Amino acid sequence: MSNFDKAVELINSIPLPDDAEEQLDALAADETDEFERYKIDSLGEALFETRYCKK
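Keep in mind that this is a model prediction, so the values were computed, not measured.

1. Comments concerning the overall build of the chain
Then comes step 1: Check the secondary structure of the chain and you find 3 helices and 0 strands.
Then comes step 2: Sequence-ordered secondary structure for the chain, helices as α and strands as β, is α-α-α.
Then comes step 3: Taken across its 55 residues, the chain has 24% of its residues classed as buried.
Then comes step 4: For the chain, long-range pairs separated by at least 24 residues make up 56% of all intrachain contacts whose partners lie at least 6 apart in sequence.
Then comes step 5: Looking at the chain as shown, the accessible area adds up to about 4100 Å², and 52% of this sits on carbon and sulfur atoms.
Then comes step 6: One way to put it: in the chain the 6 positive side-chain charges average out to a point 5 Å from where the 15 negative ones average out.

So, in structure tokens, the structure goes:
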């Protein structure tokens, strides 16, 4: 499973782990491919929406 797939799984987990932001940062830091790292970093916004913008 790629780091991006792990990141998607992380932001879709219910409930979100308390350290989800740190886990997402760690997955991005471990990624060697620049484009994959960018994709993981962009999931930070989705994580924020999931955590703080519930309807």
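2. Side note on the nonpolar core
Then comes step 1: Counting residues in hydrophobic clusters, the biggest one holds 11 residues: A7, L10, I11, L16, A20, L24, L27, A28, I40, L43 and L47.
Then comes step 2: Those elements giving two or more residues to this core turn out to be α1 (3-11), α2 (20-30) and α3 (34-52).
Then comes step 3: In terms of residue count, the dominant contributor to this core is α2 (4 residues).
Then comes step 4: Setting aside residues no more than four positions away along its own chain, L16 makes contact with L10, I11, L47, T50 and R51.

3. Some remarks on the side chain of N3
Then comes step 1: Looking at the secondary structure, you find N3 in helix α1.
Then comes step 2: N3 gets classed as buried once you look at its relative accessible area, which sits at 14%.
Then comes step 3: Among the polar contacts made by the side chain of N3, one reaches the main-chain carbonyl oxygen of L27 at a distance of 3.3 Å.
Then comes step 4: Residues contacting N3, with those up to four places away along its chain left out, are L27, D30, E31 and I40.

4. A closer look at α1
Then comes step 1: For α1, the complete set of buried residues consists of N3, A7, L10 and I11. Along the axis of α1, the buried positions cluster into a sector of 90°, meaning they face one direction only.
Then comes step 2: The elements touched by buried residues of α1 are α2 and α3.

Here is what the cut-offs are and how they apply
- Each chain carries its own residue numbering, running from 1 in the direction its sequence is written.
- The predicted origin of the model limits local features to residues at a pLDDT of at least 70 and limits the giving and counting of side-chain atom pairs to 80 or more, whereas totals for whole chains, interfaces and linings rest on all residues.
- Heavy atoms from the whole structure form the basis of all side-chain values; hydrogens and water molecules are not counted.
- A helix here means a DSSP run of H or I that spans at least four residues, while a strand means a run of E at least two residues long, and both kinds are numbered starting from the N terminus.
- Exposed residues in this analysis have more than 50% of their type's maximum accessible area, buried residues have under 20%, and partly exposed residues fall in between, with area computed by a 1.4 Å probe over protein chains only.
- Residues are treated as being in contact if the distance between any of their heavy atoms lies within 4.5 Å.
- Each accessible area value is a Shrake-Rupley result obtained with a 1.4 Å probe; residue values ignore everything except the protein chains displayed when judging cover.
- In summary, the charge assignment counts Lys and Arg as positive and Asp and Glu as negative, without counting His or the chain termini.
- Taken as the charge location is NZ of Lys, CZ of Arg, CG of Asp or CD of Glu.
- The criterion is simple. A nonpolar core is a set of buried Ala, Val, Leu, Ile, Met, Phe, Trp, Tyr and Cys residues joined through side-chain atoms within 4.5 Å.
- Polar contacts, as counted here, are pairs of nitrogen or oxygen atoms within 3.5 Å of one another; within protein the pair requires one atom able to donate a hydrogen and one able to accept it, and residues that are adjacent in sequence qualify only if both atoms are side-chain atoms.
- Read the arc as the range of directions from the helix axis to the C-beta atoms.

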